[in-house]
Amino acid sequence: MYDIGIIGSGPAALSAAVNARQRNKSVCIFGRSLDSSLLFAAEKVDNYLGMPDLSGEEMLNQFYAHAVKRGVEFKESRISQIMSMGDYFVINAENEFYEAKTLILAIGLNKSRGIAGEMDYLGKGVSYCATCDGMLYRGKRVVVVGENEEGEAEANFLADICESVSYLPLYQPVMNLKEKVTLLQGSPKAVLGEGIRVTGVEVNGEAISCDGIFFAKNSTPPESLLFGLKTEGKNIVVDRSMATNLPGVYAAGDCTGAPYQIAKAVGEGLVAALSAAAYIDAKK
């Protein structure tokens, strides 16, 4: 079990990791490769104190090298769900499970666009993890909406469980669907439902009936990543210590709101790490 699990791999995550190691805490960063960061593509960064005229790639590589030197562990993976177990957390990293005493969410700005009704039916027919929730739909009809090719794997997994699976890709080309998966074309507009259950999804003005909808997104909405997490719009709500409304859970960086600057992310990562370390020490 890690002392601190950090979700994300940008400046806030790397800052949090370095500072947590300074407090002698075991740390693992769960995130995608550095080149997936928006900062990586920046031609030049000229507003970070003491490091002028670096490209985003150069800056991230320096941050990463610092974290490696301090003994930070890295797991390159997409996190689909985090479960609270009372006094620790279980992190689902592409169906490999890890435990951490505390969490720091440094997941960046959620760039995926939701559709009408999506959050209203979260946990009532809307899911973001087929492995986590697929068995709830055994023998039922589901639709998978994929923003990337990972959605194909989700649809193929569900095809072995569900009565029918329809796949709606928001990208091209689609390469690896099982024959039993029905390929849809169009753009999803709304999740449809009655009372507390999903009844379908609206695609190009047509209602497609189903019992559940799985979204495979490039970035998972924070409130669906960890049940009960308080958000305002696309931002995670935190206090001055970077604590969220959930005990043992902290957040830092772009996911907490503007300004979207490296200096702000690095500072918040520091504060979140110190707060998480203090939280652990207080429970000893």
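Residues numbered from 1 in each chain as written. Predicted model: local features only at pLDDT ≥ 70, side-chain atom pairs only at ≥ 80, totals over all residues. Heavy atoms only, no water.

## Here's the deal with the environment of Pro-221
Heads up, the condition is: Working definition: helices are DSSP H or I runs of at least four residues, strands are E runs of at least two. Numbering for both runs from the N terminus. Three labels apply to residues, based on accessible area from a 1.4 Å probe with only protein chains included: buried if under 20% of the type maximum, exposed if over 50%, partly exposed otherwise in between. In this description, contact between two residues means that some pair of their heavy atoms is separated by no more than 4.5 Å.
Along the chain, Pro-221 falls in the loop between strand S14 (212–216) and helix H5 (222–225). Among the residues examined, Pro-221 registers a relative accessible area of 5% and is labelled buried. Put simply, Pro-221 and Ala-251 are 30 residues apart on the chain and 14 Å apart in space, counted from C-alpha to C-alpha. Not counting residues up to four positions away in its chain, the partners in contact with Pro-221 are Asn-110, Glu-118, Met-119 and Tyr-128.

## A few points about the pairing of S14
Put simply, the rule reads: Only when DSSP finds a minimum of two bridges between them are two strands counted as paired.
Buried residues dominate S14, accounting for five of its five residues. Alternating residues of S14 divide into Gly-212, Phe-214 and Ala-216 and Ile-213 and Phe-215, and every residue in both groups is buried. Pairing between strand S7 (residues 126–127) and S14: two bridges, direction parallel. Each bridged residue has a counterpart across the sheet, and for Ser-127 the counterpart in S14 is Phe-214. Relative to S14, strand S8 (residues 141–146) runs parallel, the two sharing five bridges. Following the sheet pairing, Gly-146 is matched in S14 by Ala-216.

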